[in-house]
Amino acid sequence: MSETVEKPARVTAGVTFAARLVLERISHRFAPGALTLDDVTLAAEPGEVLCLLGPSGSGKTTLLRIAAGIESQETGRVLLNDREIAGPNVFLPPEQRSIGLVFQDFALFPHLTILDNVRFGLTALSREEARREALIALSRVGLERYASSYPHVLSGGEQQRVALARALAPRPAVLLMDEPFSGLDSRLKDTVRAETLAILRQSRATAIVVTHDAEEAMRLGDRIALLNKGKLVQAGTAEELYLKPANLFVAGFFSELNVFDARVASGAADTPVGRFAAPGRADGEPVTVAVRLSGFDVSEESGDVEARIVSRRFLGVVELLELAVPGNDEHVRARVRAGQLQPGVRDVWLKVRPADVLVFERRRESA
Ligand SMILES: Nc1ncnc2c1ncn2[C@@H]1O[C@H](COP(=O)(O)OP(=O)(O)OP(=O)(O)O)[C@@H](O)[C@H]1O
């Protein structure tokens, strides 16, 4: 009887059956305290990368830990492919959830070889099977040549890939990643992030990735769920959140903004930088008008509003301007292409591009 020969080649086939993870009406508190999570409902669809985005303390990690089974919710349910894995009467421990975890600090064991690090989670398999699966996982992240080396010989980015291989080795239905790139320096981060996304796509794993960085969420996520103070504020594609933010908090998370208070008159809001349409708003309604820093045409010749340059900061591709505008106590900020304005120029004209203006209901607290 002939034995099947394992192909040592780089593995490209999917490793998981795409799974759907649902967090349903999740509330949580660290007793006895205020709610850490307040009635959060969210689904990660099969094979998608869902980014959990939000400021520090918004509850991202707690939600991830509830999905993993490391933390318990106070109310609500967690479902994996329509099967309840945590709820009022059910609680599957983490090791029975078919969920892989990757943390910020990679948490590789320094005294174990790379192969043994990856093999660590494969306790259900025989030694030989575990070794084979670990090598497959290492090959998936392109690091099989380091199997017998120790973690210290690897760069930060490579260590992160080993952590990813370790999480993928047991072929989890869902991969949960908590700030997986925050330990990497900014140049390495872009490469490792792109590689990780490619590996996730190849493995067809459903992934939930926690980040506090909006740009990272836009680069990685098929969809983004934005949390603030334990509440889900908005979930959607990057385009939806950027172009149609639900409120000022969402808008401010994705772009730097100038914010003006105004009152609607004849369907428009007057601000010191122009008059902007406020469709659907009643006359007299107080509104907040947000203008993206990138939304200004700044010209020495012509425009809608006169302004004086107070300061210029060269940032490489762009220049950041602070401008004094009549009728506005605070300086208006604008980003323009570097080199567009002559050195020493003081008096300019502004024109705002309507696509970069967002009008919101004025609220004391925006989220
Ligand atoms: N073990 C704990 N005991 C008490 N409070 C906690 C505990 N862990 C977290 N918290 C609090 O719960 C809230 C949510 O924390 P969580 O770590 O989920 O937020 P986060 O959005 O992941 O923040 P960060 O980006 O800073 O990690 C915070 O106010 C935090 O201080």
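Note that the structure is a prediction, hence the values are computed from the model and not measured. (Residues numbered from 1 in each chain as written. Predicted model: local features only at pLDDT ≥ 70, side-chain atom pairs only at ≥ 80, totals over all residues.)

Enquirer: Any chance you could explain the nonpolar core here in plain terms?
Expert: In summary, soluble globular proteins display a tendency toward joint burial of nonpolar side chains. Membership of the largest hydrophobic core comes to 95 residues, with the highest contact counts inside it found for A67, L138, A165, V174 and I208. Of the domains in this structure, domain 1 (21-243) and domain 2 (255-361) are the two that each give at least three residues to this core. Each residue touching I208, except ones within four places of it in the same chain, is listed here: A44, L50, L52, L64, A67, V174 and L176. (Core = buried A, V, L, I, M, F, W, Y, C linked by C-beta atoms within 7 Å. Buried ≥ 20, exposed ≤ 12 C-beta atoms within 10 Å, placed from the backbone. Domains from an automatic or database assignment. Contact = placed C-beta atoms within 7 Å.)

Enquirer: Where do I start with the domain arrangement of the protein in this structure?
Expert: How large an interface is tends to be reported as the accessible area lost when its parts come together. Each assigned domain of the protein is listed here: domain 1 (21-243) and domain 2 (255-361). Computed over C-alpha atoms only, the centres of domain 1 and domain 2 are separated by 40 Å.

Enquirer: Would you mind going over the site of the ligand with me for this structure?
Expert: Close to the ligand lie F30, T36, G54, S56, G57, S58, G59, K60, T61, T62 and H212, which account for all nearby residues. The dominant element in the shell around the ligand, judged by the number of residues it contributes, is helix 1 (residues 60-68), at three residues. Classifying every residue of the shell around the ligand gives one nonpolar, nine polar and one charged. (Near = placed C-beta within 6 Å. Helix = DSSP H or I, 4+ residues; strand = E, 2+ residues; numbered from the N terminus. Nonpolar A, V, L, I, M, F, W, Y, C, P; charged D, E, K, R; others polar.)

Enquirer: Whenever I open this one, the packing of helix 4 (residues 156-168) against helix 5 (residues 186-203) confuses me. Can you help?
Expert: Between two packed helices, both the angle of their axes relative to each other and the distance between the axes serve to describe the pair. Following both chains from N to C, one finds helix 4 and helix 5 inclined at 20°, their axes separated by 10 Å at the closest point. Considering the angle they form, helix 4 stands roughly parallel to helix 5. Two packed elements cross with a definite hand, and for helix 4 against helix 5 that hand is right-handed. In this structure, helix 4 contributes G156, G157, Q160, R161, L164 and L168 to the contact, and helix 5 contributes L188, T191, V192, E195, T196, I199 and S203. Looking at the contact of helix 4 with helix 5 residue by residue, the classes come out as five nonpolar, six polar and two charged. (Axes fitted to C-alpha atoms, helices over the stretch in contact; angles between N-to-C directions. Parallel < 35°, antiparallel > 145°, perpendicular 65-115°, else oblique. Left-handed = near helix turned anticlockwise from the far one by under 90°.)

Enquirer: Looking at this structure, how should I read the sheet that holds strand 20 (residues 357-361)?
Expert: Pairing between sheet strands relies on hydrogen bonds along the backbone, with the strands arranged either parallel or antiparallel. With antiparallel pairing, the five strands of this open sheet are ordered in space as 13-12-11-14-20. Since the sheet does not close on itself, it has two edges, and those belong to strand 13 (274-277) and strand 20, each with one partner. Each strand of the sheet is rotated relative to its neighbour by a mean of 35°, with strand direction disregarded. As paired strands, strand 14 (residues 286-292) and strand 20 are joined by five bridges and run antiparallel to one another. (Pairing = 2+ DSSP bridges.)

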